[in-house]
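# Overview (structure and organization)
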Amino acid sequence: DSDNLWWDAFTTEFFEDDATLTLSFCLEDGPKRYTIGRTLIPRYFSTVFEGGVTDLYYILKHSKESYHNSSITVDCDQCTMVTQHGKPMFTKVCTEGRLILEFTFDDLMRIKTWHFTIRQYRELVPRSILAMHAPDPQVLEQLSKNITRMGLTNFTLNYLRLCVILEPMQELMSRHKTYNLGPRDCLKTCLFQKWQRMVAPPAEPTRQITTKRRKRKNSTSSTGNNTNSTYTKKKSPAASLNLSSQVPLITTKKCIGDKTRVRRNYRGIRNGLVPT
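The model shown is predicted, which means the values in this text are computed figures rather than measured ones.

## Some remarks on the overall build of the protein
Across its full length, the protein holds eleven helices and seven strands. Counting only residues that meet the buried cut, the protein has 28% of its 276 residues in that class. Within the protein, contacts between residues separated by at least 24 positions form 55% of all contacts whose residues are at least 6 apart in sequence. For the protein, the exposed surface amounts to about 20,700 Å²; the carbon and sulfur share of it is 55%.

So, in structure tokens, the structure goes:
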């Protein structure tokens, strides 16, 4: 328990709360890529030393730094991870690759992303050990075998394979610690919440209702609108004609003795024609 607390404190000091650690390498069965989150990073470093490593350090050569608004990126194409193994035999392993680190640009300068791409590795055995076991061919055969795979121990590789299952279960683990629920109840609540998010329609943005104000029409504008409306609206000529304004008034004195002219004017008015 004390070791777990120490590694958790180590990760808290050097890694952000949402940090991710990625390892990329190629094994006999093809390329591999593992990405673990902040809660699984302490256990990763712990497995390195559980596999027989007594010392671990990184050597960076010709690294490049780039500054951004909220982060600083360190890119080293010639990075060497050196591990000193005490068991099963005394061996020094040099794992070469490319290391890309992204730090947050603040006072703590903690790591946000860690990406190490392994290209090759070398296992170095001291000559003194070879000379010591030279008469025994079985020991020499055992010394000739590799103790790592791409510079990683079997403890670390098994843990990375396990993280493929553990990483998606982080939500269940955090819910179990928070609400003290059983595994089945945690799974039910997580699935129900995801189902609700899938079924629930997306919230529509609220539209602001604009009220239209009516403009008061003055006498001048009303007369102008009336004149324009006579051209736009389709009406029969007789219906759109105002007798009092368009037809000249025929007085009784002028037409009292001429019945023929009165009939002609009346017929023209009825057909919508203005008499000249």
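## Quick look at the pattern of salt bridges
Tallied over the full model, the rule gives eight salt bridges. In this structure, Arg-149 and Glu-28 form a salt bridge, with 2.7 Å as the shortest nitrogen-oxygen distance. With Arg-149 in the loop between helix H4 (137-143) and helix H5 (154-166) and Glu-28 in the loop between strand S1 (15-27) and strand S2 (30-36), the pair connects residues that are 121 residues apart, well separated along the chain. The exposure class assigned to Arg-149 is partly exposed, which follows from its relative accessible area of 27%. Arg-98 serves as the salt-bridge partner of Asp-75, at 2.6 Å between the closest nitrogen and oxygen. With Asp-75 in strand S5 (residues 71-85) and Arg-98 in strand S6 (residues 91-104), the pair connects residues that are 23 residues apart, well separated along the chain. Given the relative accessible area of 21%, Asp-75 is considered partly exposed.

## Remarks on the confidence of the model for the protein
Here the protein averages 79 in pLDDT, while 72% of its residues score no lower than 70. Scored below 50 in pLDDT, residues 243-257 makes eleven contacts in the model with residues more than four places away or belonging to other chains.

## Quick notes on empty space enclosed by the protein
Here the structure, examined in full by the defined rule, presents one cavity of 30 Å³ or more. The volume enclosed by the largest cavity comes to roughly 70 Å³. Lining the largest cavity we find Tyr-44, Val-48, Val-53, Leu-56, Tyr-58, Met-81, Thr-83, His-85, Gly-151, Leu-152, Thr-153 and Thr-156. Only helix H2 (41-50), strand S3 (53-61) and S5 provide two or more residues apiece to the lining of the largest cavity. Counted by class, the lining of the largest cavity contains seven nonpolar, five polar and no charged residues.

## Overview of the side chain of Thr-153
When you line up the elements, Thr-153 lands in the loop between H4 and H5. With a relative accessible area of 6%, Thr-153 lands in the buried category. Among the polar contacts listed, one links the side chain of Thr-153 to the side chain of Thr-156, at a separation of 3.1 Å. Beyond its immediate chain neighbours, meaning those up to four positions away, Thr-153 contacts Thr-47, Gly-51, Val-53, His-85 and Thr-148.

## A closer look at the packing of H2 against H5
In the contact formed by H2 and H5, the axes pass within 7 Å of each other and the chain directions differ by 150°. When the interaxial angle is binned, H2 and H5 end up roughly antiparallel. Across the interface between the two elements, Arg-43, Tyr-44, Thr-47, Val-48 and Glu-50 of H2 pack against Phe-155, Thr-156, Tyr-159 and Leu-160 of H5. Looking at the contact of H2 with H5, its residues break down into five nonpolar, two polar and two charged.

## Concerning the pairing of S5
Regular strands have side chains that alternate between both faces of the sheet. Among the 15 residues of S5, twelve are classified as buried, and the element is accordingly described as predominantly covered. Pairing geometry for S3 and S5, over eight bridges, is antiparallel. Pairing of Leu-56 across the sheet is with Thr-83, part of S5. Pairing of strand S4 (residues 64-67) with S5, which is carried by four bridges, proceeds in the antiparallel orientation. Across the sheet, Tyr-67 pairs through a bridge with Ile-72, a residue of S5. With antiparallel pairing between neighbouring strands as the criterion, S4 and S5 make up a hairpin whose turn holds three residues. Relative to S6, S5 runs antiparallel, the two being bridged by 13 bridges. Residue pairing in the sheet places His-85 in a bridge with Thr-91 of S6. Linking S5 back to S6 in an antiparallel pair, the connection comprises five residues.

## A word on unusual backbone geometry
The backbone of Met-109 sits at a positive phi, close to 55°, despite the residue not being glycine. When you line up the elements, Met-109 lands in the loop between S6 and strand S7 (111-124). Backbone geometry places Asn-180, a non-glycine residue, at a positive phi of 55°. Along the chain, Asn-180 turns up in the loop between helix H6 (170-179) and helix H7 (183-199).

What counts and what doesn't
- Residues numbered from 1 in each chain as written.
- Predicted model: local features only at pLDDT ≥ 70, side-chain atom pairs only at ≥ 80, totals over all residues.
- Heavy atoms only, no water.
- Helix = DSSP H or I, 4+ residues; strand = E, 2+ residues; numbered from the N terminus.
- Buried < 20%, exposed > 50% of the residue type's maximum accessible area, 1.4 Å probe, protein only.
- Contact = heavy atoms within 4.5 Å.
- Areas by Shrake-Rupley, 256 points an atom, 1.4 Å probe, with all protein chains shown as cover.
- Salt bridge = Lys/Arg side-chain N within 4 Å of Asp/Glu carboxyl O.
- pLDDT = per-residue confidence, 0-100.
- 1 Å grid on protein atoms, 1.4 Å probe; cavity = no way out; pocket = protein on both sides within 12 Å on 5 of 7 lines; lining within 4 Å.
- Points joined across faces, edges and corners; volume = space filled by probe spheres on them.
- Nonpolar A, V, L, I, M, F, W, Y, C, P; charged D, E, K, R; others polar.
- Polar contact = N/O pair within 3.5 Å; in protein donor to acceptor, adjacent residues only side chain to side chain.
- Axes fitted to C-alpha atoms, helices over the stretch in contact; angles between N-to-C directions.
- Parallel < 35°, antiparallel > 145°, perpendicular 65-115°, else oblique.
- Pairing = 2+ DSSP bridges.

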